[in-house]
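In case you want the letters, here they are:
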Amino acid sequence: QVPLVESGGGLVQAGGSLRLSCASSGRAFDGFTMGWFRQAPGREREFVAAISRTLVPRYLDSVKGRFTISRDNAKNTMYLQMNSLKPEDTAVYYCGVDKISRRVVSVTTSDYDYWGQGTQVTVSI
């Protein structure tokens, strides 16, 4: 399995913005749902947002209206635009692929694969 590569994280003040990217260095994933997850220290990896192959998005309630997920299949890349960041958004962010076609976009971590190393997002007060 060739993992995905996440980038774009960093340190930002509360209220600031970051744009994360998730790129595939190998196979194309345009036929699959792709998602963003995050993991804070001492906590389980949690769903943040996902986008289906037909561009249907789904978001964690706490990020709705602040985060926007998108994908560019021609570039094998997915994005997460994060605005109005809060300290509680601090975590390592990972992207993954759901290889199974489902009626509803999955929010379950174990349904996703091809995890990369993640990118750290730190939001200061």
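If you're wondering where the values come from, they're calculated on a predicted model, not measured in any experiment.

K.L.:
Please set out the pairing of strand β1 (residues 4-7) residue by residue, giving values where relevant.
P.N.:
Across the two faces of β1 the burial differs, with L4 and E6 buried and V5 and S7 not buried at all. Sheet analysis places β1 next to strand β3 (residues 18-24), joined by 4 bridges and oriented antiparallel. Across the sheet, residue E6 finds its bridge partner in β3, namely C22.

K.L.:
Quick rundown of the pairing of strand β5 (residues 46-51)? Include the residues and the values.
P.N.:
Of all 6 residues in β5, 5 are buried, a share of seventy percent or more. Direction of pairing for strand β4 (residues 33-39) relative to β5: antiparallel, over a ladder of 5 bridges. If you follow W36 over to β5, its bridge partner there is A49. Between β4 and β5, which pair antiparallel one after the other, the connecting turn spans 6 residues, and G42 there sits at a positive phi close to 75°. Pairing of β5 with strand β6 (residues 57-59) involves 3 bridges; the strand directions are antiparallel. Its bridge partner lying in β6, I51 is registered against P57. Linkage of β5 to β6, two consecutive antiparallel strands, is achieved through a turn of 5 residues, within which L55 is found at a positive phi near 70°.

K.L.:
Quick rundown of the sheet that holds β4? Include the residues and the values.
P.N.:
The strand order across the open sheet built from 6 strands is β2-β10-β9-β4-β5-β6, with neighbouring strands paired in mixed fashion. With one partner strand each, in any of the chains shown, β2 (10-13) and β6 form the two edges of the open sheet. Neighbour-to-neighbour, the strand axes of this sheet turn through a mean angle of 25°, independent of strand direction. With 4 bridges connecting them, β2 and strand β10 (residues 119-124) associate as parallel partners. Considered in β10, the bridge of V12 is made with V123.

Cut-offs used in this document
Residues numbered from 1 in each chain as written. Predicted model: local features only at pLDDT ≥ 70, side-chain atom pairs only at ≥ 80, totals over all residues. Heavy atoms only, no water. Buried < 20%, exposed > 50% of the residue type's maximum accessible area, 1.4 Å probe, protein only. Helix = DSSP H or I, 4+ residues; strand = E, 2+ residues; numbered from the N terminus. Pairing = 2+ DSSP bridges. Axes fitted to C-alpha atoms, helices over the stretch in contact; angles between N-to-C directions.

Shape descriptors only; they carry no functional weight alone.
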